[in-house]
Amino acid sequence: DVQLVESGGGTVQSGGSLRLSCVASGSTYTDYCMGWFRQAPGKEREGIATIDSDGDTAYAESMKGRFTISVDNAKNTLALQMNSLKAEDTAMYYCAAGPLGDGYCSRWQYWGQGTQVTVS
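Residues numbered from 1 in each chain as written. Predicted model: local features only at pLDDT ≥ 70, side-chain atom pairs only at ≥ 80, totals over all residues. Heavy atoms only, no water.

Enquirer: Tell me about the environment of T90, and please be specific about residues and values.
Expert: Locating T90 in the fold gives a position in the loop between β8 (77–82) and β9 (91–99). As for T90 and V12, which are separated by 78 residues in sequence, their C-alpha atoms are 9.6 Å apart. When near neighbours in sequence (up to four residues on either side) are disregarded, T90 contacts A40, Q116, V117, T118 and V119. Here the side chain of T90 touches V119 through a polar contact of 2.9 Å, landing on its backbone nitrogen. (Helix = DSSP H or I, 4+ residues; strand = E, 2+ residues; numbered from the N terminus. Contact = heavy atoms within 4.5 Å. Polar contact = N/O pair within 3.5 Å; in protein donor to acceptor, adjacent residues only side chain to side chain.)

Enquirer: Give me the lowdown on the pattern of salt bridges, citing residues and values where you can.
Expert: Within the structure shown, the criterion is met by 4 salt bridges. The closest approach of N and O atoms between D89 and R38, which form a salt bridge, is 2.8 Å. Linking D89 in the loop between β8 and β9 with R38 in strand β4 (residues 32–39), this pair joins segments that are 51 residues apart in sequence. Here D89 matches R38 in class, with each residue buried. For K64, the salt bridge goes to E61, with nearest N and O atoms at 3.1 Å. Classification of K64 as partly exposed rests on a relative accessible area of 48%. Linked by salt bridges that have partners in common, R38, E46, R66 and D89 make up one network. (Salt bridge = Lys/Arg side-chain N within 4 Å of Asp/Glu carboxyl O. Buried < 20%, exposed > 50% of the residue type's maximum accessible area, 1.4 Å probe, protein only.)

Enquirer: I'd like a rundown of the pairing of strand β7 (residues 67–72), residues and numbers included.
Expert: Here β7 pairs with β8 via 6 bridges, running antiparallel. Its bridge partner lying in β8, I69 is registered against L80. Linking β7 back to β8 in an antiparallel pair, the connection comprises 4 residues, with N76 at a positive phi of about 50°. (Pairing = 2+ DSSP bridges.)

Enquirer: Help me get a handle on the layout of surface pockets, residues and values and all.
Expert: Of the pockets and cavities examined, the largest pocket occupies roughly 240 Å³. Those elements that provide at least two residues to the lining of the largest pocket are β1 (2–7), β3 (18–26), β4 and β8. At 3 residues, the largest contribution of residues to the lining of the largest pocket is made by β3. Taken together, the residues that form the lining of the largest pocket break down as 9 nonpolar, 7 polar and no charged. (1 Å grid on protein atoms, 1.4 Å probe; cavity = no way out; pocket = protein on both sides within 12 Å on 5 of 7 lines; lining within 4 Å. Points joined across faces, edges and corners; volume = space filled by probe spheres on them. Nonpolar A, V, L, I, M, F, W, Y, C, P; charged D, E, K, R; others polar.)

Enquirer: Summarise the state of the cysteines; cite the residues concerned and give the values.
Expert: Note on terminology: disulfide describes a covalent bond linking the sulfur atoms of two cysteines. Under the criterion given, the structure shown has 2 disulfides. At a sulfur-sulfur separation of 2.0 Å, the disulfide partner of C22 is C95. Disulfide C22 to C95: torsion about the S-S bond roughly 55°, handedness right-handed. With a gap of 73 residues between them, C22 in strand β3 and C95 in strand β9 connect regions that are remote in the sequence. What makes C95 buried here is its relative accessible area of 0%. Residue C33 pairs covalently with C105 via a disulfide, S to S 2.1 Å. Where C33 bonds to C105 through sulfur, the torsion about that S-S bond is close to -85°, and the disulfide is left-handed. One end of the pair, C33, is in strand β4; the other, C105, is in the loop between β9 and β10 (110–111), and 72 residues separate them in sequence. A residue is classified by how much of its surface remains accessible, and C33, at 1% relative accessible area, is buried. Disulfides within the protein chain link the bonded cysteines, taken in sequence order, as 1-3, 2-4. (Disulfide = S-S within 2.5 Å.)

Printed below as a string of C-alpha cells:
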C-alpha cells in the first residue's frame, strides 16, 4: 500500500499564499497519478489538480492561474502552491494517488489524512 501525509496547511489572510506538501511512502507506481482535492463543510469533495508520471497536469477551471501542482520524484513529494487565496478556499485539503491508465487519472486508491486550510 501507499501512505500519504499532507502538511503545510494553516490560517492565511485573503490574498495570501500557502504551499501544501504530500509525502508518499510504501509501494510506488511506475505509471502514477497524484492529485489534490478539497472538501469544505457542507460541500462535496472537489478536485483541484492532478499530475501524472508523464508530467501532464490538469486543473479545475476555477483553480487555473492561482494553484500550481508539482512533484519532486527524488523526494517522493507532491506539492500544491496556492496563491491569491480566497475565503471560499477554506477547506480540508487531501492528496491522493492512483495508477495512470490510458493517459487518464480516474481511480484514486490512496488518500492522505488531510490538512486544514483556513482563509480569513
